[in-house]
Amino acid sequence: MGKVTGFMEYQRLEEGYEPVGTRVKNYKEFVIGLNAEQSKQQAARCMDCGTPFCNNGCPVNNIIPDFNDLVYRGDWANAITILHSTNNFPEFTGRICPAPCEAACTLNVNDDAVGIKSIEHAIIDRAWSEGWVQPQVAKRKTDKTVAVVGSGPAGLAAAQQLARAGHSVTVFEKNDRVGGLLRYGIPDFKMEKSHIDRRVAQMEAEGVVFRTGVLVASMPEGSKVTNWAKDSISPDELKAQFDAVLLSGGAESSRDLPVPGRDLAGIHFAMEFLPQQNKVNAGDKLKGQIRADGKHVVVIGGGDTGSDCVGTSNRHGAKSVTQFELMPQPPEVEDRPLTWPYWPLKLRTSSSHEEGCEREFAISTKEFLGEKGKLTGVKTVRVEWQGGKMVEVPGSEQIIKADLVFLAMGFVAPVATVLDAFGVAKDARGNAKASTDFNGGYKTNVDKVFAAGDMRRGQSLVVWAIREGRQAARAVDEFLMGSSDLPR
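Given the structure is predicted, the values throughout are model-derived calculations rather than measurements. (Residues numbered from 1 in each chain as written. Predicted model: local features only at pLDDT ≥ 70, side-chain atom pairs only at ≥ 80, totals over all residues. Heavy atoms only, no water.)

Caption draft 1: Local environment of helix 6 (residues 76-84). Within the span of helix 6, buried status applies to W76, A79, I80 and L83. Burial along helix 6 is one-sided: seen end-on, the buried residues are contained in an arc of 95°. Taken together, the buried residues of helix 6 touch helix 3 (36-43), helix 5 (64-72), helix 7 (90-96) and helix 9 (116-130). (Buried < 20%, exposed > 50% of the residue type's maximum accessible area, 1.4 Å probe, protein only. Helix = DSSP H or I, 4+ residues; strand = E, 2+ residues; numbered from the N terminus. Arc of directions from axis to C-beta. Contact = heavy atoms within 4.5 Å.)

Caption draft 2: Seen up close, the side chain of H121. Tracing the backbone through its elements, the reader meets H121 in helix 9. Here H121 falls in the buried class, since its relative accessible area comes to 7%. Of note is the side chain of H121, whose polar atom sits 3.4 Å from the side chain of R95. A distance of 3.1 Å separates the side chain of H121 from the side chain of D125, its partner in a polar contact. When sequence neighbours within four positions are dropped, the list of residues in contact with H121 reads E15, V31, G94 and R95. (Polar contact = N/O pair within 3.5 Å; in protein donor to acceptor, adjacent residues only side chain to side chain.)

Caption draft 3: Up close: the sheet that holds strand 3 (residues 145-149). Judged by pairing direction, the sheet is parallel, and its 5 strands sit side by side in the order 5-4-3-8-20 without closing on themselves. The outermost strands of the open sheet, each flanked by one partner alone, are strand 5 (209-212) and strand 20 (449-451). Direction aside, the axes of adjacent strands within the sheet are offset by 20° on average. In the packing of helix 10 (residues 153-164) onto the sheet, contacts are made with strand 3, strand 4 (168-173), strand 5 and strand 8 (244-247), and the angle to strand 4 comes to roughly 165°. Contacting strand 3, strand 8 and strand 20, helix 19 (residues 462-481) runs over the sheet at an angle of about 165° to strand 8. (Pairing = 2+ DSSP bridges. Axes fitted to C-alpha atoms, helices over the stretch in contact; angles between N-to-C directions.)

Here you go:
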C-alpha cells in the first residue's frame, strides 16, 4: 500500500475554504481542493491495515485502498476507473457526502482518519479536466424499455446503469430541470449545478431520455412539495408504455411542527426556501421569493438541511440566524473505542455555522408568536432527557425574536399520492414496501414496478441513493432479461 510508513510520517490535511467575507457574497463553491502533491501525501497515509473497514463504511463499497494507492503512485487514470466501478457520480459524493468511510478508517481508531473524501474529490475533478469521463454507450441494445420516476441520485444512477445494459431508458422529473434534491435542495455553494449538467449530457449521449416538467400521478391538495410540472402522466400510461417502472423519487414530505401560531405568515418548510434560491441562481425569475434580508431568522432542526438554511440566510443578509436542536449538545470528540468503526455521535460544525449562527441545543418550540398575522417571535423552553423521555426544565421559557422561521426537522415519507396511484404497498413509515434481497430485490407488490432510494428507504444520504439506484438497476435488468451482468 503506497508508502507503508506514510500514516506515521504525514498528518491529515483538510481541504481549504475561501474566507467567510468573500464566500457569503455569492453562491459559488468555495472549497479549495487538494492539489496533486497534497493528494499523494494524503493517500500515503492509507495503511496496509489488512481489513479495510472503510470499504464497508462506504454505502457504495468504494474500493478505497486501491484508489488511494493509485493516487500515491500517480496513476490517476486507473484511480478514476476504480472509483467509477462502484460510484457513478463521485463529484456528488466528493462534495456533499458526510464520509462515513472516514469514520470507519482503521487509522481513526487513535488518530485522524485518511482524508478519503478529499482524495475522491481530487480524482473526479482531475478526471473531468483530463477528459477521461466519456459516454459508455451499450454495444448491444435490447428491445426493453424502462421508465425511471425521479431524477435524483437514485434515479440517475439506475438510469445510467440500465442504459449501459442496453435498455431504452426514459427519466421523468416533475420539476423543470434534472437532479431532484441535488438540483433543488442542495445549495449551489455546496455543489454547483454544472456537475449535474455534465452528467446529464453524458447520459443523453448514452441514450437516456429526460422528460422534465412531467408529474407522474398527482400531488396532494395544498402540498408544499416543490412542483413546477406543466404536464402529467398516469401510472397506467407508464405501465402500458414501458416494460418496467422504477420509482426513485425523494422522501419529500417534510416533518411539520403543529404548535400554536403555526399558521402565522413567515413560517416555512426549509424545502420551500431552498429550491427557490436554486431556481433564482439558475437565472429564472421568481415572484414572491422567500427572502431573509435584514430579518431575524430561526432555523428549527440541527441537521444538514438546517445548516443549508443557515448558509443561504447569511448570503441573503439576514440580521441574525439562530438554529434550534431538540437534542443535547453532543461531545466535541467522539468516544472512539465505543463507536469505531460506526458513525459516531459528536458535535459537527458546518461551514455555514462558521459564517455566522447562534446554535441552541436541548431546546423545544412551544409556540409561534405574532402580530396582525405575522410572525414576531418564538416561545421556547429548555428540555432534559430523563429515562428516554423529554422533560421541560421549569422556569426556562424564553421568547426569541424571529421574523422568519424555517422548519428543517427532516422528512417523514415520499409523497403518498404517487405510491397510492400505483397501488404500491407501504411500510409502517409510509415508504414504498420493497425488499432488497437477491430474489426479486427492489420489486414492489405491483407487477413490473420497482422502488429505490429515499422512496423505498426513507430520508437518507446521497451515497445511499446511488447504491440503491445501482442495485435496483441490476434487479430490473434481471427481471427483463433473466440474468444481469450489472454489479450489485
